[in-house]
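An overview of the molecular structure
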Amino acid sequence: MEKSPEKPADKSAEKAPAEKPASPDQIIYPRNSAERPATAPAEKSSSMGNMLIMLAAFALAAGGVWVLIQRRQSGPLSARGQRKLQIEETRPLGGRQYLIVANYDGKKFLLGVTPGQINLLTPLGDERTHPEEKKP
């Protein structure tokens, strides 16, 4: 009987010992395996990553709150300079109707305000600057 050259090659491949990993860091375990060591280096890096993400989210939220507070205190961006229009006094008349004294660039106006419209009733003069007009 003749031996075929393939049989000795098969025997040598079967006799080769299985390679063992050099350290436990190279072992790959299934996620829910009982053999998995308690502290895996991958878990430490993922917890650090989660902590960094949470810290960044907290910083962004705090920055957003700060921006909102600054906007409320100073008003809209276009009105940050000297404001020319000011409401000096308001008197309710009932039924959502108001009389308003508005000052625009040093000039006063009496306005009638209702839910559907705003009417200029009369321009007002400053009584303090013209005291001689009041005397008869």
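Figured I'd write up the structure that's included with this text.

1. A closer look at the overall build of the protein chain
Along its length, the protein chain carries two helices and four strands. Listed by position from the N terminus, the elements making up the protein chain come as α-α-β-β-β-β. For the protein chain, the proportion of its 136 residues judged to be buried stands at 7%.

2. With respect to the pairing of strand E1 (residues 85–94)
Pairing of E1 with strand E2 (residues 97–104) involves eight bridges; the strand directions are antiparallel. Bridging from a neighbouring strand, Pro92 pairs with Tyr98 of E2. Hairpin geometry of E1 and E2 is characterised by an intervening segment of two residues between the two adjacent antiparallel strands and by a positive phi of about 65 degrees at Gly95.

3. Quick notes on the environment of Phe109
Within the secondary structure layout, Phe109 lies in strand E3 (residues 107–113). Residue Phe109 is classed as partly exposed on the basis of its relative accessible area of 24%. For the pair Phe109 and Leu120, spaced eleven residues apart in sequence, the C-alpha separation works out to 7.1 Å. Discounting residues that sit within four places of it in the chain, Phe109 has contacts with Ile100, Val101, Ala102, Tyr104, Leu120, Thr122, Pro123 and Leu124.

4. Digging into the side chain of Lys108
Among the secondary structure elements, Lys108 is positioned in strand E3. Look at Lys108 and you get buried, because its relative accessible area is 18%. A distance of 3.3 Å separates the side chain of Lys108 from the side chain of Glu88, its partner in a polar contact.

5. Examining the sheet that holds E1
Spatial strand order, E1-E2-E3-E4: four strands in an open sheet with antiparallel pairing. Bordering the open sheet on either side are E1 and strand E4 (118–124), each of which pairs with just one other strand. Averaged over all neighbouring strand pairs, the angle between strand axes comes to 20 degrees, with direction disregarded.

6. What to know about the pairing of E2
Here E2 runs beside E3; their pairing, made up of seven bridges, is antiparallel. Each bridged residue has a counterpart across the sheet, and for Tyr98 the counterpart in E3 is Val113.

7. Some details on the side chain of Asn103
Looking at the element boundaries, Asn103 is found in strand E2. Looking at Asn103, its side chain comes within polar contact range of the main-chain nitrogen of Gly106, at 3.1 Å. Engagement of the side chain of Asn103 in a polar contact is seen with the backbone nitrogen of Lys107, the distance being 3.3 Å. Dropping the residues within four chain positions of it, Asn103 is found in contact with Lys84, Leu85, Gln86, Glu88 and Lys108.

8. Quick word on the environment of Leu93
Tracing the backbone through its elements, the reader meets Leu93 in strand E1. Note on Leu93: relative accessible area 52%, which makes it exposed. Sequence-wise, Leu93 and Thr114 are 21 residues apart; in three dimensions their C-alpha atoms are separated by 9.7 Å.

Reading the values: the criteria
- Residues numbered from 1 in each chain as written.
- Predicted model: local features only at pLDDT ≥ 70, side-chain atom pairs only at ≥ 80, totals over all residues.
- Heavy atoms only, no water.
- Helix = DSSP H or I, 4+ residues; strand = E, 2+ residues; numbered from the N terminus.
- Buried < 20%, exposed > 50% of the residue type's maximum accessible area, 1.4 Å probe, protein only.
- Pairing = 2+ DSSP bridges.
- Contact = heavy atoms within 4.5 Å.
- Polar contact = N/O pair within 3.5 Å; in protein donor to acceptor, adjacent residues only side chain to side chain.
- Axes fitted to C-alpha atoms, helices over the stretch in contact; angles between N-to-C directions.

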